[in-house]
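# Structural characterization, general
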Amino acid sequence: MSIVIIWFRRDLRLNDNVALFHAMADGREVLPVFIFDTEILQKLQSRSDARVEFISQALNALNERLKRRGSSLLIKHGSPEKVWQELIQSYQIGTVYANHDYEPYALKRDEKVGKLLASHDIPFHTFKDQVIFEKEEITKENGTPYTVFTPYSHKWKSRLAEASVKMLPEHNKGNWCQQNACIPSLEEIGFRQGGVKFPASAVQEDILTRYAEQRDFPALHGTSQLGIHLRFGTISIRQLLLKAAQFSPSFVNELIWRDFYQMILWHYPHVISSAFKPAYDRILWINNEADFERWKAGETGYPLVDAGMRQLAATGWMHNRVRMVVASFLTKHLLIDWRWGETWFAEKLLDFELASNNGGWQWAAGCGCDAAPYFRVFNPQLQQEKFDPKHEYILKWIPEYGLPGYPKPMVNHEMARARAISVYRNTLNRPV
Ligand SMILES: Cc1cc2nc3c(=O)[nH]c(=O)nc-3n(C[C@H](O)[C@H](O)[C@H](O)COP(=O)(O)OP(=O)(O)OC[C@H]3O[C@@H](n4cnc5c(N)ncnc54)[C@H](O)[C@@H]3O)c2cc1C
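Every chain begins its residue count from 1, and numbering advances along the sequence as written. Given that the model is predicted, a residue must reach a pLDDT of at least 70 before its local features are reported, and side-chain atom pairs must reach 80 or more before they are shown or counted; all residues, however, enter totals for whole chains, interfaces and linings.

Summing up its helical and strand segments, the chain has 18 helices and five strands in all. Throughout, radius of gyration means the C-alpha value; the globule benchmark is 2.2 Å times the number of residues raised to the power 0.38. Here the C-alpha radius of gyration of the chain, 23 Å, is about what a compact globule of 432 residues would show, namely 22 Å. Each of the three principal axes of the chain carries a C-alpha extent, and together these read 75 × 50 × 40 Å. The burial label depends on the number of other C-beta atoms within 10 Å of a residue's C-beta. Counts of 20 or more mean buried, 12 or fewer mean exposed, and intermediate counts mean partly exposed, with C-beta atoms placed from the backbone. Looking at the 432 residues of the chain, the share that counts as buried comes to 39%. In this text, helices come from DSSP runs of H or I with a minimum length of four residues, and strands from runs of E with a minimum of two, each type numbered from the N-terminal end.

On to the pairing of strand β5 (residues 124-127). Relative to β5, strand β4 (residues 93-99) runs parallel, the two being bridged by four bridges. Bridging across to β5, N99 finds its partner in F127. Remark: the β4/helix α5 (residues 104-119)/β5 crossover connection has right-handed handedness. Any two strands with at least two DSSP bridges between them are considered paired. Consider the strands pointing away from the viewer: the crossover is right-handed when the path from the first strand over the helix to the second runs clockwise.

Now for the packing of helix α4 (residues 80-90) against α5. Under this scheme, a helix contributes an axis fitted over its contacting stretch, all axes are lines through C-alpha atoms, and angles between N-to-C directions fall in the 0 to 180 degree range. One way to put it is that α4 packs onto α5 with a least axis distance of 10 Å and a crossing angle of 25 degrees. In terms of their interaxial angle, α4 and α5 are classed as roughly parallel. Crossing geometry of α4 relative to α5 is assigned as right-handed. In this structure, α4 contributes P80, E81, W84 and Q85 to the contact, and α5 contributes R109, K112, V113 and L116. Partitioning the contact of α4 with α5 into residue classes produces four nonpolar, one polar and three charged. By definition in this entry, angles of less than 35 degrees are roughly parallel, angles greater than 145 are roughly antiparallel, angles of 65 to 115 are roughly perpendicular, and the rest are oblique. If you view the pair so one helix is near and one far, a crossing is left-handed when the near helix is turned anticlockwise from the far one by less than a right angle, and right-handed when it is turned clockwise. Contact between residues is assigned whenever the C-beta positions, reconstructed from backbone atoms, fall within 7 Å. Amino acids are sorted into nonpolar (Ala, Val, Leu, Ile, Met, Phe, Trp, Tyr, Cys and Pro), charged (Asp, Glu, Lys and Arg) and polar (every other residue, Gly among them).

Take the nonpolar core next. With 65 residues, the main nonpolar core has I264 and V326 as its most contacted residues. When residues of this core are assigned to their parent elements, the largest contribution, eight residues, is made by helix α10 (residues 249-267). Dropping the residues within four chain positions of it, I264 is found in contact with V271, A355, G359 and C369. Only buried Ala, Val, Leu, Ile, Met, Phe, Trp, Tyr and Cys residues enter a nonpolar core, and they are joined through C-beta atoms within 7 Å. Ranked by size, the runner-up nonpolar core spans 43 residues in total, among them A19, F36, L73 and F191.

With that out of the way, let us pick up the domain arrangement of the chain. Either an automatic procedure or a domain database provided the assignment from which the domain bounds are taken. Assigned domains of the chain: these are domain 1 (1-130), domain 2 (131-166 + 203-267) and domain 3 (272-426). With centres defined by C-alpha atoms, the gap from domain 1 to domain 3 works out at 37 Å. Facing six residues of domain 1, the contacting portion of domain 3 comprises five residues. For the side of domain 1 that touches domain 3, the element with the highest residue contribution is helix α3 (residues 50-67), accounting for three residues. Per-class residue counts for the side of domain 1 that touches domain 3 are three nonpolar, one polar and two charged.

Taken together, the five strands give an open sheet; going across it, the order is β3-β2-β1-β4-β5, and neighbouring strands pair in parallel fashion. Edge strands, defined here as strands with exactly one partner in the open sheet, are β3 (74-78) and β5. The average angle at which neighbouring strand axes cross in this sheet is 25 degrees, direction not considered.

This part covers the environment of G308. Position of G308 among the secondary structure elements: in helix α12 (residues 303-315). Separated by 29 residues in sequence, G308 and D337 have C-alpha atoms that sit 19 Å apart. Ignoring anything within four residues of it in the chain, the contact list for G308 reads M318, V322, V325 and V326.

In terms of burial, β4 is largely enclosed, as five of its seven residues are buried. Pairing geometry for strand β1 (residues 3-8) and β4, over four bridges, is parallel. Bridge pairing in β4 links V4 to T95.

Moving on, we get to the packing of helix α14 (residues 338-348) against helix α15 (residues 354-365). Two numbers describe how α14 lies on α15: the axes approach to 10 Å, and their chain directions differ by 145 degrees. Considering the relative orientation of α14 and α15, their crossing is right-handed. Packed against α14, whose contacting residues are W338, G341, E342, F345 and A346, the element α15 presents N357, N358, W361, Q362, A364 and A365 at the interface. Residues of the contact of α14 with α15, tallied by class, amount to six nonpolar, four polar and one charged.

Let's shift gears to the environment of A365. Here A365 is to be found in helix α15. When the 27 C-beta atoms within 10 Å are taken as the criterion, A365 is described as buried. Note: C-alpha distance between A365 and A327 (38 residues apart in sequence) is 7.3 Å. Each residue touching A365, except ones within four places of it in the same chain, is listed here: T331 and W338.

In this section: the environment of R310. On the secondary structure map, R310 appears in helix α12. Judged by C-beta crowding, with 18 C-beta atoms within 10 Å, R310 ranks as partly exposed. Sequence separation between R310 and Q383 is 73 residues; the distance between their C-alpha atoms is 17 Å. Excluding anything up to four places from it in sequence, R310 contacts G298, W397 and I398.

Looking now at unusual backbone geometry. What you tend to see is this: most non-glycine residues have negative phi, and most peptide bonds are trans. In this structure, D121 is a non-glycine residue whose phi angle is positive, near 60 degrees. Along the polypeptide, D121 turns up in the loop between α5 and β5. With phi around 50 degrees, N287 is a residue other than glycine that occupies positive phi space. One can find N287 in the loop between α10 and α11 (289-297).

Of the residues making up helix α7 (residues 205-214), those classed as buried are I207, L208 and Y211. Angularly, the buried residues of α7 cover 95 degrees about the axis, an arc narrow enough to put them on a single face. Exposed and facing more than 90 degrees away from the buried side of α7 are E205, D206 and E213. To obtain the arc, one takes the directions from the helix axis to the C-beta atoms.

This is the structure in structure tokens:
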């Protein structure tokens, strides 16, 4: 008898998992597989990368649930193509089920694995799972993709009303492969614990209820911190949306931004290395490395920027309002290429998501699909007065704030603002 495989990737849960639902419905025994992909792991800068630790914890939790069903997760470590060659040798695989992943690396990986499976006559079925709407589901009337958020969000909401999103029931058929595989430790895959505390996966109703009033104030616990769970699928986007829709339209709006950036990445993969608007690739960045180091260390002398950068270094998370301010500061005040900041965030953020990070950076730098216009330069001092008026957030992350040890602003705001506008304007006016 052949078996079917559910290949977990960024959907590390048993409930409301579309590919798993279809694998269970298939009727044959289901083997759950996860691959620690060496092509991704080798590129990580730190051997104590907290995202790997998070995945390891999530896999252990998943395995505990599988054990109660008499099964366990088969975890492999290697390049996906090689692992699949081994699996094809070891098992009589009838069909492979997985959920869509829209990142360019994942698309290439799935194409290669799909070809390999096809060469052995094994169907590879993939499904939409990690977003509400994907690819071409939300387009303009003429079928082309939206590149501006507001009309996209209107269409998204009207489609949602028609689509009747719901959660899938969990199959209780018990057709899991009965096995007792060992889960490799972090050390066995070349990593170690970093001691980071991960946010809980529970969706807190009080946060949703007060989200619209509190979400912009970094001193408050006013946002969900669910990004890492959405990233690795330890919560279901449908479950979150259905809950959010009861309490907070403004939270739903943020989930639409998430879909929007995934859609942009899918249609315009050039954004990974270039500006969405090509003219902005001609900006003559200053790219001063010493300035970049001060920004990373949270020693710019602008307290909101510094508090944010220190929060990121200490916790792997930064408040959205502050992400916008630090990104604007790097690209506009220091005229450092947005890709430098994007790479630093990618290394540090627990909730790093290629599409949203790229979209957020291009927005802040003014070169994105739905960008803040280049002449809008955040004033970090005014942002702080508005969103941290009592200095609570700043004092939490900068104990020496107001003392002689705290640096003076590394650049004058008015000068930097005028310089950025002039560099951007000259670039855009320069003939190609
Ligand atoms: C420069 C910059 C870089 C960013 N990098 C990332 C990133 O790597 N990964 C990431 O998930 N978000 C990123 N964002 C968007 C946003 O800052 C984070 O999603 C949010 O701060 C995460 O905190 P939270 O989970 O408490 O969000 P909440 O406010 O509780 O929102 C709930 C969820 O909605 C989604 N969301 C919220 N705001 C946005 C947004 N503007 N764009 C896309 N999705 C959003 C996230 O999945 C988030 O977890 C970035 C924003 C900027 C300005």
